[in-house]
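One-letter residues, chain by chain:
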Amino acid sequence: MDFSAIRSRLAGSDGRLYWRSLGELADTPAFREYLHREFPEQASEWNDPKGRREFLKLMSASLALAGVSACTKQPAEKIVPYVRQPEELVPGRPLFFATAAPFGGIAVPVLVESHEGHPTKVEGNPQHPASLGGTDIFAQAAVLTLYDPDRLQTVLYRGEVRGWGDFLTALKGMLGTQKAKQGAGIRFLTETITSPSVAEQIALIQQAYPQAKWHQWDPIPRDAARAAATESAGRPSDAIYHFDKADVIVTLDADFLGCGPAAIRYSRDFADRRRAGVDAEGADAATMNRMYAIESTPTLTGAKADHRLALRASEIEAAARALSGSAPAGSFSNGSAPKFLAAAAKDLQAHRGRSLVVAGEYQPAPVHHLANALNESLGNVGTTVTYAPTVEINPTDRLSSLRDLVRAMDGGQVDLLVVLGANPVFTAPSDLKFQEKLAKVGLAISHSLYSDETSTNCHWNLPEAHAFESWSDARAVDGTVTVIQPLIAPLYDGRTVQEVLACFVDAQNGKSAHDLVKDYWTRAYAGKAGGWTITDPTGQPFKSADSLWKHVLHDGWVPGTAANSQRPTPNAQGAQSSTSSPQAPTSSGGLEIIFRPDPTIWDGRFANNGWLQELPKPLTKITWDPTAWIGMKTAEQYRLRDGDIVELRYRGNVAKLPIAIMPGHPEASVTVFMGYGRKVTGRVGTPAEDVAKDFDVYRLRTSDALWFGSGLEIVKTGGTYVIARTQEHHLMENRNPVRIASLDEYRKDPDVIARMGEKPPKTLTMIPEWTYDSYKWGMSIDLTSCTGCGVCTIACQSENNIAVVGKDQVNRGREMHWIRVDHYFKFKGNEEDANDLETYHQPVPCMQCENAPCELVCPVGATTHSAEGLNDMVYNRCVGTRYCSNNCPYKVRRFNFLLYQDWETPSLEPLRNPDVTVRSRGVMEKCTYCVQRINYARIDAKRHDRRIADGEVVPACAAACPADAIVFGDLNDPASRVAKLKALERDYGLLEELNTRPRTTYLAAIRNPNPELA
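Once that is clear, we can look at the overall build of the chain. Tallying secondary structure elements over the chain gives 31 helices and 40 strands in all. For the chain, buried positions account for 62% of its 1014 residues. For the chain, the share of sequence-separated contacts (at least 6 apart) that also reach a separation of at least 24 residues comes to 75%. With the model as given, the accessible surface of the chain reaches about 38,500 Å², and the carbon-plus-sulfur share is 51%.

Below, the structure is given as structure tokens:
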């Protein structure tokens, strides 16, 4: 990395310099050479390129053989009519079922689209209070996991195929010997459980076997430190934040916009309040919220903050004490800290009762206790923050629970271990040596979705049913019980957790999951289970248990089950220490290491999901691999560049990772991401290169430093690693792609946004004007609201049958995503200070231009303009010239260089949306505004002889967005939401000086900085 070039360019900038990567910022001749072509190097050649001349020979031959069609022969398809069509099913019309996609034990409420019995797409449940219709990337990608052919498909015993009957026979023999011992040798290990029906089953098992014990372990404990800091109703409590009511927000290493199921609702509340403060008028206008982010690792939350302070993880507690006034602002690694903390504390005091302090998921209990105390002293409790008993069934200390199990296994006290859904061999702290102790267990049983590191070390491997194949229940983040119902019969021989546990309960043995769940809620209705008080949405009792069950299946949740807010009591012991999230011991030498879950594959459980692997990670836009993040000065000190492989040495353990230089990362610390380096997983998650097998940073994680610690050493190995990063594939030559203004600037002069670009007169064109007599579709994307989460990309991929291309093809610039999320950095001043910068996100789909440059150059008329203003693609006309892509200034068109679609795997066939063409090799494709959804609405409107109503057509990207940043509609309807947004002064078009007149426009990003820190 040429740091001198970076300093030189910054010194000559005018303060409006936006850049997407350090390579672009340096703007060296090598970087320009990388980008001098329409596509990056090798993007125009085949897998084994031999130069441009050889490529042209191959292309000429291919066109001749294909009869200038560039089409691959499609597989034969058979049409089988219904002999007896189901009464409720209309061919070609999807059905939607309310269910949930559990994440870390927490229910994420969704609606799943089903075509003729095949789930194809996940949508948010707009009526559910925990999400309000939004989703996250993991819920969107759940449908791909459902059809994954690498899932565990049958019962295995020591690697040999067996049946469930064989397992039940072996289990019966073991339980017979345990009866006399009252189950003293039985242990269960699970992750977080919130299912009321599962909780009852575990209670019944413990009644039958009083000495049996239940242990829990999560590699990423859900807010364990937060729950340890307070209690409600005699049990640990969760803080529930109300960002829609907060004027000032201070985060303490918290990523509430990008981390966990709660982020879906929090993103909506935060964005709603932010929008209301920007666009409201008059004396009663809402105040735009202001956010201060204090964090050790750059996050999506920090990117949206008005002010951000980069500190090491070990300094967050001192920052919290300085905010509370319990200690003066001492010495920090960032010299801006004292001024920042003083201004933030003053702002909090000025907004008492309307402020909010949020402690981070990965900080120890003392930080959470300080945050709770701050909210209490500021009068925020009951307004911007409430507390409720945690939704976890057994909120025990996860680390202590795992330690107890390890000691019991080591002492030969475990005759039967049942592992349900967890993978502790891979994720347990390295110092506990779980795999070694597991070998001492008499009979080990693993129930999992995939064959993993734990299951291969157990005697019995039981296949788990996917959530979309299951009957179950779980609680959402607000406590609301969500019933999980299947969309499809099990594709393989999987069973649910309820069915496995029923094997231990004589009265339930042999019952189906449906019967177990329905029976529980039938008894709950009668007041004989769970202690629930169940009423309908109006507060009245249901007429019968059957009416309750029908209502639950229709809406997706049990009304009246949300956790009740209660006044918390501080947990003094939890404030001083937390064994579940301990403060790492300090050391005078070495760097600080920070452990975080990977943004796309989380703790490793999604390693075999190609959609998530290929999704560009927020902030870096890296795909398929992890990296170790370091700051610019640290990189210069150790003479490191992007892609350099380093050894990470920590407490006698060694792992390897490639380096990624991350602007905004605190110096003298390194962030590593867990989840990679899997030893046992499917074909997608298996490392392609030998060195990638050493990317497992769990081996560095110890039980006394789960989230951060000091004493790390990094050693440059001399090797390099190819990182597939999409950030630098397409640039817009500094033409103001993002426009920003402060709230004061915008209110004083609303035209400040318009003056940031040039808008040619409408008459300056050779293309004749067209009158849209019917519909005129358009889209507005609010950059003030967008959090950069990337869920729009996954939703579009699922809806439109977009193929995964793999790391090698991404590295050649051939990614196929129809909507990308660009990320821009901007230093606040002209001096190099990598910790003092602003960051912006910008989703970029096809602009659907009125004067579309692509349409003019297509020699076969494959890209055309519709009567409603859509830029359509006729796939069977396209011959693959790519002239349209060459002429597109936005670089939003994608070309099928190779046969990316998997036509061979039978289980992937029902995954595809039947309403969208599956493209083969040799055609161009791009965003279509989800024209299939427009046509659905058009048919319904024609049937009732009416126009399509506003909000009736919602493209996949807009439907999935948790922040409601994307709005679509008819511009001919002046009352439509999109028309009103486009009438705002902060509306602008991307590269509108080119006079392409894009139908997709943006609302400029508005910030609300504190004048004291400006």
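That was the structure; now back to the text.
What follows covers the sheet that holds strand β11 (residues 290-295). One open sheet holds the four strands; their spatial order is β12-β11-β10-β13, and the pairing between them is parallel. Looking at which strands have only one partner, the edges of the open sheet turn out to be β12 (307-310) and β13 (355-359). Across the sheet, the mean angle from the axis of one strand to that of its neighbour is 10°, orientation sign disregarded. Sheet analysis places strand β10 (residues 248-252) next to β13, joined by five bridges and oriented parallel. Looking at the pairing, Ile-249 lines up with Leu-356 of β13. Taken strand by strand, helix α13 (residues 337-350) contacts β10, β11, β12 and β13, and its axis lies near 140° from that of β11.

A separate point is the confidence of the model for the chain. Averaged over every residue, the pLDDT of the chain is 85; the share at 70 or more is 85%. Predicted confidence is poor over residues 44-74, with pLDDT under 50, and the contacts of this stretch with residues over four places away or in other chains come to 39 contacts.

Let's shift gears to the packing of helix α19 (residues 513-525) against helix α20 (residues 545-555). Packing of α19 against α20 brings their axes to within 9 Å, and their N-to-C directions diverge by 125°. Taken together, the axes of α19 and α20 lie oblique to each other. Crossing geometry of α19 relative to α20 is assigned as right-handed. Contacts from His-514, Val-517, Lys-518, Trp-521, Thr-522 and Tyr-525 in α19 reach Ala-545, Asp-546, Leu-548 and Trp-549 in α20. Partitioned by chemical class, the residues of the contact of α19 with α20 number six nonpolar, two polar and two charged.

Let us look at helix α8 (residues 196-208). Taking 1.5 Å of rise per residue, the 13 residues of α8 would be expected to cover 18 Å, and the 19 Å separating its terminal C-alpha atoms lies within 8% of that figure. Every buried residue of α8 is accounted for by Pro-196, Ser-197, Val-198, Ala-199, Glu-200, Gln-201, Ile-202 and Ile-205. In the core, the buried residues of α8 are packed alongside β6 (186-190), β7 (213-216), β18 (472-475), β19 (481-484), α18 (497-502) and α19.

Glancing now at the pattern of salt bridges. Summed over the entire model, instances satisfying the criterion amount to 51 salt bridges. Across the salt bridge formed by Arg-678 and Glu-453, the nearest N and O atoms sit 2.9 Å from each other. Within this pair, whereas Arg-678 is found in the loop between β26 (669-674) and β27 (708-720), its partner Glu-453 is found in the loop between β16 (443-448) and β17 (460-463), the two being separated by 225 residues in sequence. Notably, a salt bridge pairs Lys-550 with Asp-546, separated by 3.5 Å at the nearest N-O pair.

Taken together, seven strands build an open sheet; the order of strands is β5-β4-β17-β16-β15-β6-β7 and the sheet is mixed. Edge positions in the sheet fall to β5 (160-162) and β7, since each of these pairs with one other strand and no more. Each strand axis lies, on average, 20° off the axis of its neighbour in the sheet, ignoring direction. Strands in contact with helix α15 (residues 398-410) are β6, β7 and β15 (416-420); relative to β7, the strand with the most contacts, it is inclined by about 125°.

A few words on the side chain of Asp-603. As for its placement among the helices and strands, Asp-603 is situated in the loop between β21 (591-597) and α22 (610-614). Since its relative accessible area comes to 5%, Asp-603 is described here as buried. For Asp-603, the side chain forms a polar contact with the side chain of Arg-605, separated by 2.6 Å. Other than its neighbours up to four places away in sequence, Asp-603 contacts Pro-219, Ile-220, Phe-426, Thr-427, Gly-675 and Tyr-698.

On to the packing of helix α12 (residues 316-324) against helix α14 (residues 365-377). Each pair of packed helices can be summarised by the angle the axes make with each other and by the distance between the axes. Remark: α12 packs on α14, axes separated minimally by 9 Å, with the N-to-C direction vectors making an angle of 20°. One element, α12, and the other, α14, form an angle in the roughly parallel class. The two elements α12 and α14 cross, and the hand of that crossing is left-handed. Note on element contacts: α14 touches α12 through Pro-366, Val-367, Leu-370 and Leu-374, opposite Ile-316, Glu-317, Ala-320, Arg-321, Leu-323 and Ser-324. By residue class, the composition of the contact of α12 with α14 is seven nonpolar, one polar and two charged.

In this section: the pairing of β18. Residues Ser-472 and Ala-474 of β18 are buried on one face, and the alternating residues Asp-473 and Arg-475, pointing to the opposite face, are buried as well. Bridge count for β18 against β19 is four bridges, and the pairing is antiparallel. Of the residues in β19, the one forming a bridge with Ser-472 is Ile-484.

In the structure shown here, the tally under the stated rule is 18 cavities of 30 Å³ or more. Taken as a whole, the largest cavity holds about 1,200 Å³ of empty space. Around the largest cavity, the lining comprises 50 residues; the ones closest to its centre are Pro-102, Glu-191, Gly-421, Glu-464 and Arg-605. The greatest single-element share of the lining of the largest cavity, amounting to three residues, is contributed by β18. The residue inventory of the lining of the largest cavity, partitioned by class, reads 21 nonpolar, 21 polar and eight charged. Along the wall of the second largest cavity there are 33 residues; nearest its centre are Asp-255, Gly-258, Cys-259, Leu-300 and Pro-599. At the level of secondary structure, the elements contributing two or more residues to the lining of the second largest cavity comprise α5 (137-140), α10 (262-279) and β21.

This part covers the packing of aromatic side chains. In total, this model carries 26 aromatic pairs according to the counting rule given. Ring plane angle 85° and centroid distance 6.0 Å describe the contact between Trp-164 and Phe-167, whose orientation is recorded as edge-to-face. With Trp-164 and Phe-167 both in helix α7 (residues 164-179) and three residues apart, the pair spans about one turn of that helix. Judged by relative accessible area, which is 11%, Trp-164 ranks as buried. Considering the side-chain rings of Phe-895 and Phe-897, the 5.0 Å spacing of their centres and the 85° angle between planes classify their relative orientation as edge-to-face. No difference in accessibility class separates Phe-895 from Phe-897, as the two residues are buried. Through pairs of rings, three or more aromatic residues link up here, namely Tyr-241, Phe-243, Phe-256, Tyr-266 and Phe-270. Positioned above the aromatic ring of Phe-426 is the side chain of Arg-678, whose terminal nitrogen or guanidinium carbon lies 5.2 Å from the ring centre.

The rules behind the values
Residues numbered from 1 in each chain as written. Predicted model: local features only at pLDDT ≥ 70, side-chain atom pairs only at ≥ 80, totals over all residues. Heavy atoms only, no water. Helix = DSSP H or I, 4+ residues; strand = E, 2+ residues; numbered from the N terminus. Buried < 20%, exposed > 50% of the residue type's maximum accessible area, 1.4 Å probe, protein only. Contact = heavy atoms within 4.5 Å. Areas by Shrake-Rupley, 256 points an atom, 1.4 Å probe, with all protein chains shown as cover. Pairing = 2+ DSSP bridges. Axes fitted to C-alpha atoms, helices over the stretch in contact; angles between N-to-C directions. pLDDT = per-residue confidence, 0-100. Parallel < 35°, antiparallel > 145°, perpendicular 65-115°, else oblique. Left-handed = near helix turned anticlockwise from the far one by under 90°. Nonpolar A, V, L, I, M, F, W, Y, C, P; charged D, E, K, R; others polar. Expected span 1.5 Å × (residues − 1). Salt bridge = Lys/Arg side-chain N within 4 Å of Asp/Glu carboxyl O. Polar contact = N/O pair within 3.5 Å; in protein donor to acceptor, adjacent residues only side chain to side chain. 1 Å grid on protein atoms, 1.4 Å probe; cavity = no way out; pocket = protein on both sides within 12 Å on 5 of 7 lines; lining within 4 Å. Points joined across faces, edges and corners; volume = space filled by probe spheres on them. Phe/Tyr/Trp six-rings, centres within 6.5 Å; stacked < 30°, edge-to-face > 60°. Lys NZ or Arg CZ within 6 Å of the ring centre and 35° of its normal.

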